[in-house]
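Survey of secondary and tertiary structure
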Amino acid sequence: MPSPRRRLAAALLLLALGAPALAGDLILTGAKPDKLYVIDAAKRTVLHEYRIPGANGLVGSLVPSPDGKRVYAVINRMESIVGVDLATGATVFRADLSTPTERVKDFFALTVTPDGRELIAYEVPTRLKPSEYEVEQPRFAVFRTDAGLKAQPVRVYPAQRRMHMLLMRPSGKSFYALGFELYEYDVKTGRLLGTRGIQHWEMPGHSQPDLLAFWPVTEPTGVFTSPVYAEAPQDGKPTPTTALMSLDVATGALDYRDFEPMSALIFSTVLSPDRRSAYGVYSTLTKIDVPGRKLAGRVPLDHTFYSVNVATDGREIYMGGAMCDVGFYDAATLEKKAILKLPGCADQALASLRVLAAH
Amino acid sequence: MPIRSVPLLLALLVLAPAAPAAAATESGAALVRTWCSGCHRERAPGQFERISDIRKTPEGWVMTLFRMRQVHHLALPDEVHDALVRHLADTQGLAPAEAAPGRFALERRPNVQDLDLGPELGVMCGRCHSLARVALQRRDADEWLKHMHFHMGQFPSLEYQASGRDRPWWEIASTKLPAELAALYPLATPAWRDWQARAKPELAGRWVVVGHVPGGRDFYGTAEIRRDAAGEYRAQYALTEVGGGALAGESHAIVYTGFEWRGRGTLGGHATREIYAASEDGRRLTGRWFDPEHSEEGGDFTALRADAPAEVLAVLPQALKVGTGAHVVVVGTGLAGAAAPSFGDGARAVVARREANVLEADVTVAADAAPGNRVVSAGAASGRLVVYRQIDALEVRPAYGIARVGGGRIAPVTAQFEAIGATRLPGGELVSLGPVAAEWRAEPFDEEAKRTADVDFAGRLEANGRYRPAGAGPNPKREFSGNNVGNLAIVARARDAGDALEGRGHLVVTVQRWNTPPIY
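Everything quoted here is computed from the prediction, not taken from an experiment.

The rules we used
- Residues numbered from 1 in each chain as written.
- Chains lettered and ligands numbered in written order.
- Predicted model: local features only at pLDDT ≥ 70, side-chain atom pairs only at ≥ 80, totals over all residues.
- Heavy atoms only, no water.
- Helix = DSSP H or I, 4+ residues; strand = E, 2+ residues; numbered from the N terminus.
- Buried < 20%, exposed > 50% of the residue type's maximum accessible area, 1.4 Å probe, protein only.
- Contact = heavy atoms within 4.5 Å.
- Lys, Arg positive; Asp, Glu negative; His and termini not counted.
- Charge placed at Lys NZ, Arg CZ, Asp CG, Glu CD.
- Disulfide = S-S within 2.5 Å.
- Pairing = 2+ DSSP bridges.
- Axes fitted to C-alpha atoms, helices over the stretch in contact; angles between N-to-C directions.
- Left-handed = near helix turned anticlockwise from the far one by under 90°.
- Nonpolar A, V, L, I, M, F, W, Y, C, P; charged D, E, K, R; others polar.
- Buried area = accessible area lost by both parts, 1.4 Å probe.
- Salt bridge = Lys/Arg side-chain N within 4 Å of Asp/Glu carboxyl O.
- Polar contact = N/O pair within 3.5 Å; in protein donor to acceptor, adjacent residues only side chain to side chain.
- 1 Å grid on protein atoms, 1.4 Å probe; cavity = no way out; pocket = protein on both sides within 12 Å on 5 of 7 lines; lining within 4 Å.
- Points joined across faces, edges and corners; volume = space filled by probe spheres on them.
- Domains from an automatic or database assignment.

Digging into the overall build of chain B
For chain B, the count of helices and strands is 14 helices and 29 strands. Its C-alpha atoms put chain B at 80 × 60 × 40 Å along the principal axes. Expressed as a percentage of its 520 residues, the buried residues of chain B come to 48%. Considering only residue pairs separated by 6 or more positions, chain B has 57% of its internal contacts joining residues 24 or more positions apart. Both charge centroids of chain B, one from 59 positive and one from 61 negative side chains, sit 2 Å from each other.

Concerning the state of the cysteines
Evaluated as defined, the whole model comprises one disulfide over all chains. Covalently, Cys324(A) is tied to Cys345(A) through a disulfide, its sulfur atoms 1.9 Å apart. Its torsion about the S-S bond being -65°, the disulfide of Cys324(A) and Cys345(A) is classed as left-handed. Remark: Cys345(A) occurs in the loop between β28 (336–341) and β29 (354–356) and Cys324(A) occurs in the loop between β26 (316–320) and β27 (325–330); sequence separation between them is 21 residues. On the basis of relative accessible area, Cys324(A) is assigned to the buried category, the value being 2%. Take Cys125(B): it sits in no disulfide, and the sulfur closest to it among the cysteines is that of Cys128(B), at 9.1 Å.

As for unusual backbone geometry
Of note, the bond from Lys32(A) into Pro33(A) is cis; its omega dihedral lies within 30 degrees of zero at -5°. Going from Arg397(B) to Pro398(B), the amide bond is cis rather than trans, its omega being -5°. Tracing the backbone through its elements, the reader meets Pro398(B) in the loop between β20 (393–397) and β21 (400–404). One non-glycine residue, Cys345(A), adopts positive backbone phi at about 50°.

Looking at the sheet that holds strand β21 (residues 266–271) of chain A
All names here are of chain A. Taken together, four strands build an open sheet; the order of strands is β21-β22-β23-β24 and the sheet is antiparallel. With one partner strand each, in any of the chains shown, β21 and β24 (294–300) form the two edges of the open sheet. Going across the sheet, the axis of each strand differs from the next one's by a mean of 20°, ignoring polarity. Both strand β22 (residues 277–282) and strand β23 (residues 284–289) contribute to a ladder of five bridges, which runs antiparallel. In the sheet register, Ser277 faces β23, and the bridge partner there is Asp289.

Comments concerning the sheet that holds strand β27 (residues 466–469) of chain B
Residue and element names in this part refer to chain B. Taken together, the three strands give an open sheet; going across it, the order is β22-β27-β26, and neighbouring strands pair in antiparallel fashion. Every interior strand has two partners, whereas the edge strands, β22 (415–416) and β26 (459–461), have only one. In terms of strand pairing, β22 meets β27 through two bridges, oriented antiparallel. Within β27, the residue paired with Gln416 across the bridge is Arg466.

Here we look at the packing of helix α8 (residues 118–126) of chain B against helix α11 (residues 169–184) of chain B
Residues and elements named next belong to chain B. One way to put it is that α8 packs onto α11 with a least axis distance of 11 Å and a crossing angle of 115°. Like other packed secondary-structure pairs, α8 and α11 cross with a definite hand, here left-handed. Contact residues: α8 offers Glu120, Leu121, Met124 and Cys125, while α11 offers Trp169, Ile172, Ala173, Lys176, Leu177, Glu180, Leu181 and Leu184. Considered class by class, the residues forming the contact of α8 with α11 number nine nonpolar, no polar and three charged.

Details of the pairing of strand β12 (residues 139–144) of chain A
Residue and element names in this part refer to chain A. With respect to burial, β12 is a largely interior element, five of its six residues being buried. Of the strand pairs in this sheet, strand β10 (residues 118–128) and β12 are connected by six bridges, and their pairing is antiparallel. Pairing of Tyr122 across the sheet is with Phe140, part of β12. As defined by bridge partners, β12 adjoins strand β13 (residues 155–158) across four bridges and the pair is classed as antiparallel.

Some details on the interface of chain A and chain B
Taken together, the 32 residues of chain A in the interface contact 30 residues of chain B. Together chain A and chain B conceal approximately 2,600 Å² of surface at their shared face, both sides included; 60% is due to carbon and sulfur atoms. The largest share of the area that chain A buries against chain B comes from Ser131(A), Tyr133(A) and Arg161(A), three residues that together contribute 24% of it. The interface formed by chain A and chain B holds three salt bridges in total. The salt bridge involving Glu132(A) is made with Lys146(B); its shortest N-O contact spans 3.7 Å. Our count for the contact surface shared by chain A and chain B stands at eleven residue pairs in polar contact (both at pLDDT 80 or more). Going through the elements one at a time, β7 (91–96), β8 (102–105), β10 and β11 (133–135) of chain A are the ones with two or more residues in the side of chain A that touches chain B. Classifying every residue of the side of chain A that touches chain B by side-chain character gives 13 nonpolar, nine polar and ten charged.

Examining empty space enclosed by the protein
Residue and element names in this part refer to chain B. Following the criterion strictly, the structure yields six cavities of 30 Å³ or more and no others. Around the second largest cavity, the lining residues are Val209, Gly211, Phe219, Tyr237, Leu239, Thr266, Leu267, Thr272, Glu274, Tyr276, Trp289 and Phe301. Tallying contributions element by element places strand β10 (residues 270–278) first for the lining of the second largest cavity, with three residues. Class assignment for the residues of the lining of the second largest cavity results in eight nonpolar, three polar and one charged.

Some remarks on the domain arrangement of chain B
One can read the domain layout of chain B as domain 1 (3–193), domain 2 (205–305), domain 3 (319–384) and domain 4 (393–510). Inter-centroid distance (C-alpha atoms) of domain 1 of chain B to domain 3 of chain B is 50 Å.

Structure follows, in structure tokens:
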């Protein structure tokens, strides 16, 4: 019986349809029930397959530490957060959010300060009383990343409901939180510094937009992007339209631009290093001409992918999420170059696909 | 390491000493005290937190106890479970009038329109389950609020889902809705007070029965209902299928809340479940029976006490064409008598059988008989028959149906369509003829369904209007290896009408449902 690694290599030989890019990227992805993968993008190989004890069926929302040595993930029915050492696979940080009398979920929203010292988690708590549940106000819990395996928050402050993503600003003074609107909070005090429109955006004639993203991808540009759906006037009548939202976490620049009457569903997007193109995936791979505000290309995919990313040099598109394929596509032609099957065909579900530049 | 909840620990503490055999003989309140009060404090004698503040149907109580077992790890023996459902449904149930609007859900009627509680409740509550599930409960505002806390706490992804994230779901559910729901469905009502005070009807005796199975089968006959040693009901059915043979059946039923008949039995050798309601005067039982594995397959049931005042339950068939003849069966009470029965102007009857509960006659309608309604009279009872010249309109029912692909341990869900004919009287009035014989075909509902060849993949339509969906799972022959879902028009052409007369319904063939709660 050949080893999984061997079989994988053989499968890759069959699947590698083009020459790999030379970016030297590492790709991180998670999979059911407790797997974390580190992938060599150029070689199309799994460098490490780590098991996260107690992941309990979920490894989601991967957030690398700024030094690229660890990755944080939401696990265990969204009730725990772990930090895993990328060189050894050891769990070096763990915060179990729930207690016997309070069930706490983190809806995939967490972020780490630029110095790597603090991790902020979004907590949605429910008090479990003997004969009833009590919904409590969501909150941010700040942990020290050196707190070990029984981490307790060092600061806690109230938050809005229905957040789904946190994005640290490079200053380390504040972070963005995406929910009904785009909020900005002070890291130290938890003070709400500002609110800008998502549901209350200001696009003339547009209906209330719909944005939900669990993939906190800002690499390689420092700009977070996401598809947004709304009805926009087209020849005088409201037409479902897809826009690209982009948020530069450094400058704070927030932009929405329609690029097509909705013709395909897109789950996640990523911005190319030159910021001229964005790529989106679901059942198709979409290329968006950002300055031109238009659809630049679309090809069908073999099946649905949830999470997209791009090579640091911009030459390849990486995709994962849902099922066990990690796809490599040519960024210029949108041609399939390779499919890497994760060992044992582990299902990546909602895990975000993250890229660490040159190792 | 999963976190053990306090409720679980409490359950272990509370439940360990109880002896199940003894429990079944305890009174209802004592059962609640033994099995529930570890978590649901007895705040006053016989008053238990949460439990005493809600009224529900027997199915509602079953769903709650399912959750107490499944989610809160209550180790409840089956016989205690059954005794508790009885106790709770009897003492905290819904009055007949309160349960009436949501009965279709208890009866598991397929393809019926849900209740309309306005646009806000429709989206806030109707996107996950029927609004009947809501309408079949009674609580005051603070108890509705507690239930909203349960929803948000148990299904925290609710506010992230489509139609949950477009609005501040929790804020609406926790501020505005509890009072609104309590105004619609309050705990204390005159209807419940009156029903509790009433003597409950005794259902033992002889009954006249009619049944209709969509797709063209009608039954009539009798039921003998008696009480067994345990005080529960046993029914024996002796039925005849119109145009067919005899059909025997039996069932064992518990009557909850004084009128909610829940039976398990067989009919013609097939297992059945019966969800019937006794009328407040105890003279009538109505509802639906169905196949326990396929709740979409079943029939409408009506029974009338054989000694009830004279009444026609059914005239089968209910419409006759001019210039034709048919064997007509009239079912009801008080049909015997000295005077000859009448089928109205232009109809000649030769009586073949006449008893108090059945009249069979060969009826011929003159070619020049005037189309219109006829009064059928037999003994002291009278019913209705329609004489028609032609079918002028055809309606497919349901107008919108859902079938589900099957596979693995989940059986496919079929959809039964009926063609309902109508004739136009000289005055212009349209009169229904009931279900009429039709030829059936499936067509793509729209251009997209045509492009993806849904008609070829989704299943097949049988001669009697029943749609049998295909197997589930990715189909390599379909685009993106799609499932065998489909969007179809179901077209009926009346056999007895010109080619031009068609009726159309809409069928969506969709994916499986993974759970089958007693109230959708």
